[in-house]
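Chain residues, written in single-letter form:
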Amino acid sequence: MSIELKHVNYVYSQGTAFQHTALQDVSLKIQDHEFVALVGHTGCGKSTLVQHLNGLLKPTSGQVLINGEDIHGEHTNRKALRQRVGLVFQYPEYQLFEESVEKDIAFGPKNMGLPEDEIHRRVIAAMEMVHLDPARLAAVNPFELSGGQMRRVAIAGILAMQPEILVMDEPAAGLDPQGRDAILGIIRDLHQTGTTIIMVSHAMDDIADLATRIVVMNHGQIAMDGTPREVFCRADVMREAGLEITEAARLAGTLRERGLPVPEDIYTQEEIRDAILRLWKEKVHAQ
Amino acid sequence: MLNNITLGQYYPVDSLVHRLDPRIKIVLTIVTLVAVFLVGTLAGYALILAFCLLVARLSNVPVRMLLKGIKPLRFILILTFFLNLFFTSGTELVHVGFVIITREGLRQAIHFSLRLVFLVMTTSLMTLTTSPIQLSDGMEMLFSPLKVIHFPAHELAMMMSIALRFIPTLMEETDKIMKAQKARGADFESGNLIQRAKSMIPLLVPLFVSAFRRAGDLALAMESRCYHGGEHRTRLRVLRITRMDYLACVAVAVLLALVILESRFIPKGLIL
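Just so it is clear, the structure is predicted and the values come from calculations on it, not from any experiment.

Student: Give a description of the overall build of chain A that names residues and reports values.
Tutor: In terms of helices and strands, chain A carries twelve helices and ten strands. What you see for chain A is a C-alpha radius of gyration of 21 Å, in line with the 19 Å of a compact globule of 287 residues. Considering chain A as a whole, with its 287 residues, one finds that 52% of them fall into the buried category. Only carbon and sulfur atoms are counted for the fraction: they give 47% of the accessible area of chain A, which is about 13600 Å². Distance between charge centroids for chain A: 2 Å, based on 28 positive and 40 negative side chains.

Here you go:
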């Protein structure tokens, strides 16, 4: 299932004093099994873009195509579409409302009109996917859980609909390091089991570990689109977009400035470690 | 759906009207409302309309914004119009079957609906051009003489400004939660009344939870900054009356005078 945006423009509150162009001629095609990270400075249009992917926002002009079909076409069933493109909003724990974890996760599948036993099966599977123990937590009131657990319940609520594409807006924002690692681990597992992932994030080091492709946004436009290696080597473009590069890439840059022969395309911690060790060995040999 | 409520929504542009003293604006709005109720004939409403359009023009607020404020009232307007039209006794104009339309009914129907329209229009003009903070500052100052009889002017103004401040936040929150639930396949638009009411639960529960959370946070933040009510508080923005304020007063006084003249001297019934 591919998502394609064709020359999408989006203007908020058109024709008033609040008018604000959020997206400007955005074209983007995302294929099956990709892990796309969407990065950009606050207010660059990431969240707006994300809401176009399942038809929550309608482009002011341009098209959003899923498998070649315009999602705002007359005959498109947008409700069915939203089950195939799961969208996890920022701070999704604020959308919880049911009296038990199980009921809350079941909300999505129920809206899909699935039979009871299938709903139950999916709830259990979704809870296991996000490492929540169904036996212990299914009957608990979600408002009694910790922040990280609540977030996992909310994510399970989307996973229970078994989307083919999972779009997440800052899934790890505001969590403690353990909670963050747990969420990122879950996302990695999902990608490995075949779900296409589109993730908005600010944490470059997380992205460097996970994403297969990075889309950089700036002022509502796509500033850069490429593999992590391509993107993190362009510190200039990243800086212009108000973004950092990974710590490893920064360190490599500093070493190069000092005149050390460190390769240009380093961005992971393993690579910088190997490069430094190599330099070290050469120095020892020379002595 | 959630973007069409203008009451209490500030339209942030700079203009002569925006810069008027909020106290003056509040008083002038009340005077204009009185004028609306004094109107005797359609000519008077034309006068008020002209005044509203003039103020809108001076304030750089598009007339469309004003009309948007009236839109949610349409059912009340229609109801008012027809109730008055059909159920007022007097001299008959039309009599078809059991439907009787009287001269007085027609008059009242037109008057009451126009009054409603102008009520909303004038107050919208004020709220569109006055930021919530200015508005509550103005209210506080206007009510402060009543502090002598222990009227909680400051507390009321604070509550009002907080309430107004949170309207857009809550709207945004509602929009966000609605979208989040739609992403989970929720349907807020179709179904009968009961189904629709039920479908509001996934929206209302998170909204209340977050409203209480926000209220708690705000109270804590205010306390930790030593907020303790109105006594001895100085203010950052000291309100001053300028020449423009006097001019605005004169303009509204002229309007009021014209309306009074109109209601006295144009014979009623001539133009309704």
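Student: Tell me about the pattern of salt bridges, and name the residues and values.
Tutor: Residues and elements named next belong to chain A. Counting across every chain of the model gives 21 salt bridges over all chains. For D133, the salt bridge is made with R136, and the minimal N-O distance between the two is 4.0 Å. When the shortest N-O distance is used, the salt bridge between D274 and R273 registers 3.4 Å. Beyond isolated ion pairs, a larger network of salt bridges with shared partners links E34, R213 and D225.

Student: Residues and numbers for the interface of chain A and chain B, please.
Tutor: Taken together, the 24 residues of chain A in the interface contact 22 residues of chain B. Summed over both partners, the interface of chain A with chain B buries about 2100 Å², with 64% contributed by carbon and sulfur atoms. The interface formed by chain A and chain B includes one salt bridge. Looking at the side of chain A that touches chain B, the elements with two or more residues in it are α2 (78-84), α3 (101-111) and α6 (147-159) of chain A. For the side of chain A that touches chain B, the element with the most residues is α3(A), which contributes four residues. The class makeup of the residues in the side of chain A that touches chain B is 13 nonpolar, eight polar and three charged.

Student: Quick one: what's the story with the pairing of strand β6 (residues 85-88) of chain A, residue by residue and with numbers?
Tutor: Residues and elements named next belong to chain A. Burial along β6 is two-sided: V85 and L87 and G86 and V88, pointing in opposite directions, are all buried. Where β6 meets strand β7 (residues 165-169), four bridges bridge the pair, whose relative direction is parallel. Looking at β7, one finds that L87 is bridged to V167.

Student: Hey, could you go over the sheet that holds strand β8 (residues 196-200) of chain A for me, with residue numbers and the actual values?
Tutor: Residue and element names in this part refer to chain A. Across the sheet, which stays open at both edges, the six strands sit in the order β6-β7-β8-β3-β9-β10 with mixed pairing between neighbours. Unpaired on one side and paired on the other, β6 and β10 (221-226) mark the two borders of the sheet. Averaged over all pairs of adjacent strands, the angle between their axes in this sheet comes to 15°, without regard to strand direction. Pairing between β7 and β8: five bridges, direction parallel.

Student: Residues and numbers for the sheet that holds strand β5 (residues 69-70) of chain A, please.
Tutor: In spatial order, the strands read β2-β1-β4-β5 (chain A); together these four strands make up an open sheet with antiparallel pairing. At either margin of the open sheet sits one strand with a lone partner, and together these are β2 (20-30) and β5 of chain A.

What counts and what doesn't
The residue numbering used here restarts from 1 in each chain and proceeds along that chain's sequence as written. Chain A is the first chain written and ligand 1 is the first ligand written, with later ones labelled in order. For a predicted model such as this one, the threshold for reporting local features is a pLDDT of at least 70, and the threshold for listing and counting side-chain atom pairs is 80 or more; totals across whole chains, interfaces and linings nevertheless cover every residue. Only hydrogens and water are removed before side-chain values are computed, so all heavy atoms of the structure are retained for them. Secondary structure elements are taken from DSSP: a helix is a run of H or I of four residues or more, a strand is a run of E of two residues or more, and numbering for both begins at the N terminus. Using C-alpha atoms as the atom set, the radius of gyration is obtained and then compared with a globule rule of 2.2 Å times the number of residues to the power 0.38. Throughout, exposure labels follow a simple rule: accessible area from a 1.4 Å probe, protein chains only, divided by the maximum for the residue type, with under 20% read as buried, over 50% as exposed, and the rest as partly exposed. Computed with the Shrake-Rupley method and a 1.4 Å probe, the accessible areas treat only the protein chains shown as cover for residues. Two residue types count as positive, namely Lys and Arg, and two as negative, namely Asp and Glu; His and chain ends fall outside the count. Charged groups are reduced to one reference atom each: NZ for lysine, CZ for arginine, CG for aspartic acid, CD for glutamic acid. Definition used for salt bridges: Asp or Glu carboxyl oxygen within 4 Å of a side-chain nitrogen of Lys or Arg. Throughout, a contact is declared for two residues whenever any of their heavy atoms are within 4.5 Å. Buried area is a sum: the accessible area each of two parts loses on coming together, probed at 1.4 Å, counted once for each and added. Ten residue types, Ala, Val, Leu, Ile, Met, Phe, Trp, Tyr, Cys and Pro, are classed as nonpolar, four, Asp, Glu, Lys and Arg, as charged, and the remainder, Gly among them, as polar. Note: two strands are recorded as paired if DSSP finds a minimum of 2 bridges between them. For helices, the fitted axis covers only the stretch in contact; all axes are lines through C-alpha atoms, and the angles between them, taken along N-to-C directions, range from 0 to 180 degrees.

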